[in-house]
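Coordinate inspection notes
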Amino acid sequence: MPTYFELLSYILFFPSAIMGPFFDFKDFQLFITQQERYSARLSGYKIGALMLMFGLLSALGRELFTPYLDANYILTTEYASRSIFYRIGYLFLAGYVVRLKYFTGFYLGQSGVDASGLSYSGIENGKHTWETVTMCGRYSELCKNAKQGLEVNILIKWNKMFSTGILVFKSG
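Structural notes, computed from the coordinates.

Conventions we followed
- Residues numbered from 1 in each chain as written.
- Predicted model: local features only at pLDDT ≥ 70, side-chain atom pairs only at ≥ 80, totals over all residues.
- Heavy atoms only, no water.
- Helix = DSSP H or I, 4+ residues; strand = E, 2+ residues; numbered from the N terminus.
- Buried < 20%, exposed > 50% of the residue type's maximum accessible area, 1.4 Å probe, protein only.
- Contact = heavy atoms within 4.5 Å.
- Areas by Shrake-Rupley, 256 points an atom, 1.4 Å probe, with all protein chains shown as cover.
- Phe/Tyr/Trp six-rings, centres within 6.5 Å; stacked < 30°, edge-to-face > 60°.
- Lys NZ or Arg CZ within 6 Å of the ring centre and 35° of its normal.
- Salt bridge = Lys/Arg side-chain N within 4 Å of Asp/Glu carboxyl O.

A separate point is the overall build of the protein chain. Assigned secondary structure in the protein chain consists of eight helices and two strands. Beginning at the N terminus, the succession of helices and strands in the protein chain can be written as α-α-α-α-α-α-β-β-α-α. Taking all 172 residues of the protein chain together, the buried fraction comes to 34%. Taking the contacts inside the protein chain whose residues are at least 6 apart along the sequence as the reference set, 58% of them involve residues at least 24 apart. If you sum the accessible surface of the protein chain, you get close to 11,300 Å²; carbon and sulfur atoms cover 66% of it.

On to helix 3 (residues 25-33), then. Among the residues of helix 3, those classed as buried are Phe 25, Asp 27, Phe 28, Leu 30 and Phe 31. Structurally, helix 3 contributes buried residues whose contacts are with helix 1 (4-11) and helix 6 (84-116). Residue Gln 34 follows helix 3 closely and has a positive phi angle near 55 degrees.

For Asp 24, the location among the structural elements is in the loop between helix 2 (14-17) and helix 3. Considered as a pair, Asp 24 and Val 133 are 109 residues apart in the sequence and their alpha carbons are 9.0 Å apart.

A separate point is the packing of aromatic side chains. By the definition in use, this model includes eleven aromatic pairs. Ring centres of Tyr 73 and Tyr 79 lie 5.7 Å apart, and the angle between their planes is 75 degrees; this geometry places the pair in the edge-to-face category. Tyr 79 matches Tyr 73 in its accessibility class, with the two residues each being buried. One aromatic cluster is present, built from ring pairs that chain together Tyr 10, Phe 13, Phe 25, Phe 28, Phe 31 and Tyr 38. Positioned above the aromatic ring of Tyr 86 is the side chain of Arg 82, whose terminal nitrogen or guanidinium carbon lies 4.4 Å from the ring centre.

Any two side chains of opposite charge can pair if their charged atoms end up close together. Evaluation of the coordinates by the stated rule reveals two salt bridges. The salt bridge involving Asp 27 is made with Arg 37; its shortest N-O contact spans 2.8 Å. With a gap of ten residues between them, Asp 27 in helix 3 and Arg 37 in the loop between helix 3 and helix 4 (45-65) connect regions that are remote in the sequence. Arg 37 sits in the partly exposed class, given a relative accessible area of 24%.

Its location among the elements puts Phe 92 in helix 6. For the pair Phe 92 and Leu 69, spaced 23 residues apart in the sequence, the C-alpha separation amounts to 10.0 Å.

That's the geometry; what it means functionally is another story.
Put into structure tokens, the structure is as follows:
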């Protein structure tokens, strides 16, 4: 049974207090006590800086492309009069620009968790991996086809720790 201080520190852990991501209390205890995979105590500043850069690039991309790819244009009669190929292309690009708003928040939240070292998951194939605590796939928008995009973005990696938390909550 955790103490009041342990529970309070878990709830108010700064990198995830406002935006997330969700992680199990057991992972947090291992991180705080520096046990198992956290005993190496590697610095997560490099991956944290990378996620911060992704967050800032997402914000910049949204600001730059929103005037040209406004989602409200889809509701106009001018859009409806365009060819089907134009509408599909515009819908795809405008949808991506809208999602950049969410990616900004996710990447900025993820950068704090990565910088703290909580997302460290050990060594896999000779490389250090940072996948224990993630909000969304690190490169989830870089898919080769629509099937892979659906699997990666919706079924597997899109806000995956939130989905895991919901499943734990529902089953408990």
